[in-house]
Amino acid sequence: MPRNKSGSANGGVIGKTNKISFGKCTVTTKTSSGCVSLQPGTRVIQTLIVSGGAGGGTGSPGTQSGGGGAGGFKVFCSIPVQTSVPITIGAGGSSSSNGSASSITGLCGTANATVGGGTSGNEGAGATGGSGGGGGAKTGGPNSSTSAAGGCGTAGQGNDGGASKASQVAASFLDRAGGGGGGGAGAAGGDALCSVCAAGAGGNGSPSPISSTTLAGGGGGGGVTCNNAGTVGTVCGGAAGSGGGAAGRPSTAGGTKTGIAGTANTGGGGGGGAYRFSDSPRGGAGGAGGSGIVEVKELNKASGVWSMQSQFQAKQQGTWPEVGFSISTDIMVVAGG
């Protein structure tokens, strides 16, 4: 049988040589831009990148009150690295604007997350982003109230936003509407329900495979009511999506109209602002989206063939991977007769 010529180079062990990494499964969480310095033996990492969430839509006439979509959520399972990792943390969007991208650069096959989730658009439709924004509820007077679709999420990073629903409930120009919920990393945003006068809930986020923390939840839609006569009813704000999304504001009489902000360093979407014709002020801005986050796990990875000399050195330096389990066995010893 021919001898593998790599045997002598590998300290007498025959086989294929692969890249090794002694990262000890160390986890680093970054909530602000900068570099992560890796351990000397780390050559491969796993990382989760979450972009900034979008701000919720503003409650105003002809209105835009959809919930903000969550920031893009993407896991990169095995990335070759050198000694440090440059990281950018995306900011959350302000009212009615997208969040910014989080990213890792300078790697083999640069890993970048896209922009955060959308908000409600100028014509009421939710914008496209990491997760889509909720649709804005349009109220324009008798027989002119319209609904709008949610924005699309980016494949592999998030889900679509929910649709708004609007209807005229009386001949006296009384409109009730709810914005759609923003999409989350784990689920789409909810549609508004006119039958119960409720805005759409934000889509739930997704758990991180590194820290198990739920991140990137969508913001709930805001409530909208408009009339020129009679009493205006209440439209409930959409519930927050788990993972840092914010609830939308209800259109209660005299209540706060400004949407709630998404939680910082989760990529959560902001809640939609409310609008109520009979109040002063009538409408409020959407809540800001939460800023992004990046998690880095330095992986242990053994090669297909081990050089005895290199492994002895790794053991001396404390970079040899620890065994994560124990073995129990029974041993019988029999002496010679």
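Residues numbered from 1 in each chain as written. Predicted model: local features only at pLDDT ≥ 70, side-chain atom pairs only at ≥ 80, totals over all residues. Heavy atoms only, no water.

(A) Representation of the sheet that holds strand β5 (residues 73-80) within the structure. Overall, antiparallel pairing links the 4 strands, which are arranged β2-β15-β4-β5 in an open sheet. Edge positions in the open sheet fall to β2 (27-30) and β5, since each of these has one partner strand only. Sheet twist, expressed as the average angle between the axes of neighbouring strands with direction ignored, equals 15°. (Pairing = 2+ DSSP bridges. Helix = DSSP H or I, 4+ residues; strand = E, 2+ residues; numbered from the N terminus. Axes fitted to C-alpha atoms, helices over the stretch in contact; angles between N-to-C directions.)

(B) Just the pattern of salt bridges, in detail. Within the structure shown, the criterion is met by 2 salt bridges. Ionic pairing is found between Asp-279 and Lys-257, a salt bridge with its closest N-O pair at 2.6 Å. Within this pair, whereas Asp-279 is found in the loop between β14 (275-276) and β15 (293-298), its partner Lys-257 is found in the loop between β13 (223-227) and β14, the two being separated by 22 residues in sequence. Neither residue differs from the other here; Asp-279 and Lys-257 are each classed as buried. Measuring nitrogen to oxygen at the nearest pair gives 3.9 Å for the salt bridge that ties Arg-276 to Asp-279. Taking the relative accessible area as the measure of exposure, Arg-276 reaches 5% and is therefore buried. One network of salt bridges, in which partners are shared, links Lys-257, Arg-276 and Asp-279. (Salt bridge = Lys/Arg side-chain N within 4 Å of Asp/Glu carboxyl O. Buried < 20%, exposed > 50% of the residue type's maximum accessible area, 1.4 Å probe, protein only.)

(C) The arrangement of unusual backbone geometry in detail. Across the junction of Ser-280 and Pro-281, the peptide omega takes the value 0°, indicating a cis bond. Relative to the helices and strands, Pro-281 resides in the loop between β14 and β15. At Lys-24, a residue that is not glycine, the phi angle is positive and equals roughly 60°. Along the chain, Lys-24 turns up in the loop between β1 (21-22) and β2. Its identity is not glycine, yet Asn-265 carries a phi of approximately 60°, on the positive side.

Everything listed is a geometric property; what it means functionally is a separate question.
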